[in-house]
Amino acid sequence: MDITLVQETPFRFRIERQDPMRVPGVVFATRELLPQATGDKALEQVANVAALPGIVRASYAMPDVHWGYGFPIGGVAATDIDAGGVISPGGVGFDISCGVRLLAAGIDRDPLAPRMRRLMDILGDTVPRGLGPGGLWKLSGRRQLEELMVAGAAYAVEHGRGVPRDLERCEDGGTLAGADPSQVGQRAVDRGLRQVGSLGSANHFLEVQAVDRVYDDRTAAAFGLHPGQVCVMIHCGSRGLGHQVCSDHVKVMDQSLRAYGIQLPDRQLACAPAVSVPGRDYLGAMAAAANYARANRQLLTEAARHAFAVAAGAELDLVYDVSHNMAKIETHDVDGVPLQLCVHRKGATRALPPGHRELPDDLAEAGQPILVPGTMGTASYVMAGTAGNDAFWSSAHGAGRVWSRHQALRRVRGEELCEQLESHGVAVRPASWRALAEEAPDAYKDVDAVAAATEAGQLARLVARLVPLGVVKG
Amino acid sequence: MPHESEQWPGEAGDRDRQEHSRRQNPARPDQAGGGVRENVFHAPRVRSRPDPRYPTRGAATIQRARERQGLMRPDAAAGRSGYRTVPHTADLRVEAWAPTREECLAQAVRGVCASFLDVTGAVGTHPRDIVLRADRDEDVLVLLLEEVVYRLDTQGEVPVDVELAPVDGGVRAVLHMAEAGSLPVTGAAPKAVTLHDLAMVRGPQGWTCSVTLDV
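Residues numbered from 1 in each chain as written. Chains lettered and ligands numbered in written order. Predicted model: local features only at pLDDT ≥ 70, side-chain atom pairs only at ≥ 80, totals over all residues.

## Quick notes on the overall build of chain A
Each helix and strand counted, chain A has 14 helices and 19 strands in total. Whereas a compact globule of 474 residues would reach a radius of gyration of roughly 23 Å, chain A reaches 21 Å, a difference of no more than 12%. Its C-alpha atoms give chain A principal-axis dimensions of about 60 × 50 × 45 Å. Burial statistics for chain A: of 474 residues in total, 66% are counted as buried. Long-range contacts, defined as pairs at least 24 residues apart, comprise 78% of the intrachain contacts of chain A with a sequence gap of at least 6. (Helix = DSSP H or I, 4+ residues; strand = E, 2+ residues; numbered from the N terminus. Rg over C-alpha atoms; globule rule 2.2 N^0.38 Å. Buried ≥ 20, exposed ≤ 12 C-beta atoms within 10 Å, placed from the backbone. Contact = placed C-beta atoms within 7 Å.)

Structure (structure tokens):
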């Protein structure tokens, strides 16, 4: 498909509708942030998503959009579930409810400095990461895992892994409703049993950061942040369990396409009407995997708290926990009509505006915190939801890759990168040099530009910029 | 699709990095004595039943020699087999080719494992004997690679040797497994096999396949 890209504003492009697209594509980006690499099919994927049955308004791409499989990473699509709108597991992603949580420490960067090495050593020794099994919580079997998949972070807190306030600062209170563990296959259970409380690998991390700059004092204060403050950012998801759930249900939907008369340009877009049996089965399994991811991040929070207590005598309070690989049934006005939509966010963060009923009272005025992790050598951003967002209240989820892992390995050596980071005051605890090189800062878009484009595109507004002090890499 | 930065297994830069990685990788706590290895790239041994339609003995010998010299190329693949990984932002894409379907599948397994672990000299300690059936050849490929991912996640083991034989509607695979934790990590581990741009076809030169994995 030839893509016709029209610039509507300096921060917004439109992909003209053509068959078989049902709606146009909309890309929130500057010209510099548009996918540039030869062979990058991200914009073609935005157009492919626009052909999904029941899609409304537009197929959206966030400023960090890059080439995925089926859906682009950084893609948002909403389907009208009362008009044959589909749910696509590929529109959620393999790592269901992969997300980010930010913790605010009761210590600033200067007093922490002399204790930083010990802190990083403890984190490096106690945070499970890398390939294979191994997590902080050994579950007794499928039955206990099912309880965890129903209640999510709340299950972890009920069992002493966290405090009740943590749940107030989690999307959905830490528990996504509608989980149906019976739709989670045995292989997914096998993979999930021994991985609760583990980072995994690739781009997942636990990072110690400091607030470098505050753009909005009032909102930052509502989030519990001030200049110089130390924070912890955790990025991980539902590990092998979520990946297996996605694989299993993609296969089911791939087999049922003909029955629903659905034709697709990419098998990874496999989907079914959200109200159909395979659609409902997937949504139940997806919610179960999402709750697993939230419990996973809750366990890692406890590991970080332990390390800070021992090394620095400091506590960690949860700022917020967001998912950026999810589908949710939400009500939105489309052309003045309230519709029940299945909103897919694949590499995109929900971004509720101020006053939204789902926000906790103490965040109602500020809007939902949006966490935009950058790279271990640059920065990350805390943003807040705004009322002007017309992408179904969605925003960017990170910097977005521009290099393949090949390119990163060709251009960067892990040892040199480690030395470089250490010389800039960033302590690194990698799982391997090669895995570190794959995640080199230059492999990503400029996160400052992504954050600026996100604000200029009226998706969210800037609250604070965070810089890395230490990184535990998966 | 242009592959402007293809990296061939065995290319000088890649080989340098693998050797460098073996010397320099920080040891994992569970990595017992895995750091000292001879300074030569050995691909995992792949056995598949010979197909009488293709002369394999001479070709296999030549291929091993070329592999050692980093000379393996698909355009020279008539009667030979191999694999390569190709660029894809955020993910892993593997292409494999071989005279027979089974050898092509085995090469894909080999390509996937070599993307994240240095299996040089590793010896399989226990076999996993499985039968995989699907309507389409590309779906057999998906099932086979999903088995690798599943075993890695649940048992912490990887195949370092593969035997494949055709069965009605699929393949029988014997995966000779080794502990993944004892091998140097060279990249992000695969976590799922996608259907995106999935292909497995037979052409005049033999079989080729391509598959994208989530890492």
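## Here's the deal with the overall build of chain B
Along chain B, the regular secondary structure elements total 4 helices and 9 strands. Tracing chain B from N to C terminus, the helices and strands come up as α-β-α-β-β-α-β-α-β-β-β-β-β. Within the span of chain B, comprising 215 residues, buried residues form 51% of the whole. Residue pairs in contact within chain B that sit at least 24 positions apart in sequence constitute 69% of those at least 6 positions apart.

## Considering the nonpolar core
By size, the foremost hydrophobic cluster in this structure holds 221 residues, and its most contacted members are A:Met286, B:Ala108 and B:Leu145. At 17 residues, the largest contribution of residues to this core is made by helix α10 (residues 277–312) of chain A. Filtering out sequence-adjacent residues up to four positions away, A:Met286 remains in contact with A:Val92, A:Ile96, A:Val245 and A:Ala327. (Core = buried A, V, L, I, M, F, W, Y, C linked by C-beta atoms within 7 Å.)

## Here's the deal with the interface of chain B and chain A
Much of the literature gives interface size as the accessible area that the parts lose upon coming together. In this complex, chain B contributes 43 residues to the contact, which on the side of chain A involves 42 residues. Listing elements by their share of the side of chain B that touches chain A, those giving two or more residues are α1 (12–24), α4 (137–155), β7 (192–193) and β9 (206–214) of chain B. With 5 residues, α4(B) is the single largest residue contributor to the side of chain B that touches chain A. Class assignment of the residues belonging to the side of chain B that touches chain A gives a composition of 17 nonpolar, 18 polar and 8 charged. (Nonpolar A, V, L, I, M, F, W, Y, C, P; charged D, E, K, R; others polar.)

## Structural notes on unusual backbone geometry
All names here are of chain A. Cis rather than trans, the peptide bond between Asp19 and Pro20 has omega equal to 5 degrees. Counting through the fold element by element, Pro20 comes out in the loop between β2 (12–15) and β3 (25–27). The phi dihedral of Ser97 is positive, around 60 degrees, even though this residue is not glycine. Within the secondary structure, Ser97 sits in the loop between β6 (86–87) and β7 (99–108).

## Remarks on the sheet that holds strand β5 (residues 71–80) of chain A
Residues and elements named next belong to chain A. On the basis of which strands lie adjacent, the open sheet formed by 7 strands has the order β1-β2-β3-β4-β5-β13-β12 and mixed pairing. In this open sheet, the two strands that pair with only one neighbour each are β1 (5–9) and β12 (325–334). When strand polarity is set aside, the average angle formed by the axes of neighbouring strands in this sheet is 40 degrees. Inspection of the sheet shows β2 paired to β3 by 3 bridges, in the antiparallel sense. Residue pairing in the sheet places Ile15 in a bridge with Gly25 of β3. Its contacts with the sheet put helix α1 (residues 42–49) on β1, β2, β3, β4 (59–69) and β5, and the angle it makes with β5 is roughly 10 degrees. (Pairing = 2+ DSSP bridges. Axes fitted to C-alpha atoms, helices over the stretch in contact; angles between N-to-C directions.)

## Overview of the environment of A:Trp67
Assignment of secondary structure puts A:Trp67 in strand β4. Exposure remark for A:Trp67: the 26 C-beta atoms within 10 Å place this residue in the buried category. On a C-alpha basis, the gap between A:Trp67 and A:Gly39 in space is 9.3 Å, while along the polypeptide they are 28 residues apart. Discounting residues that sit within four places of it in the chain, A:Trp67 has contacts with A:Pro35, A:Asp40, A:Lys41, A:Ala42, A:Pro72, B:His88 and B:Thr89.

## Here we look at helix α7 (residues 186–193) of chain A
The buried count for α7(A) comes to 6 of 8 residues, which makes it a mostly enclosed element. Within the span of α7(A), buried status applies to A:Arg187, A:Ala188, A:Val189, A:Arg191, A:Gly192 and A:Leu193. Those residues of α7(A) hidden inside the fold are in contact with α4 (142–151), α9 (239–256) and α10 of chain A together with α4 of chain B.

## Some words on the packing of α7(A) against α9(A)
Residue and element names in this part refer to chain A. One way to put it is that α7 packs onto α9 with a least axis distance of 7 Å and a crossing angle of 165 degrees. Relative to α9, the element α7 is oriented roughly antiparallel. Taken as a pair, α7 and α9 cross one another with a handedness that is right-handed. Taking contact as the criterion, the partners of Arg187, Ala188, Arg191 and Gly192 in α7 are, on α9, Arg239, Gly240, Leu241, Gln244, Val245 and Asp248. For the contact of α7 with α9, the residue count by class is 3 nonpolar, 3 polar and 4 charged. (Parallel < 35°, antiparallel > 145°, perpendicular 65-115°, else oblique. Left-handed = near helix turned anticlockwise from the far one by under 90°.)

## Considerations on α9(A)
In this model, α9(A) (18 residues) spans 27 Å end to end at C-alpha, consistent with the 26 Å of a helix rising 1.5 Å per residue. Buried residues dominate α9(A), accounting for 13 of its 18 residues. (Expected span 1.5 Å × (residues − 1).)

## Observations concerning the pairing of β12(A)
Residue and element names in this part refer to chain A. Here β12 pairs with strand β13 (residues 337–346) via 10 bridges, running antiparallel. Its bridge partner lying in β13, Lys328 is registered against Val343. In this antiparallel pair of consecutive strands, β12 and β13, the connection spans 2 residues, and Asp335 shows a positive phi of 55 degrees.

## Considering the pairing of strand β8 (residues 205–214) of chain A
Residue and element names in this part refer to chain A. The buried count for β8 comes to 8 of 10 residues, which makes it a mostly enclosed element. The pairing of β8 with strand β9 (residues 229–236) spans 6 bridges and is antiparallel. Paired with Glu207 across the two strands is Met233, which belongs to β9. For β8 and strand β19 (residues 460–473), the ladder comprises 9 bridges, and the chain directions are antiparallel. Its bridge partner lying in β19, Val214 is registered against Ala464.

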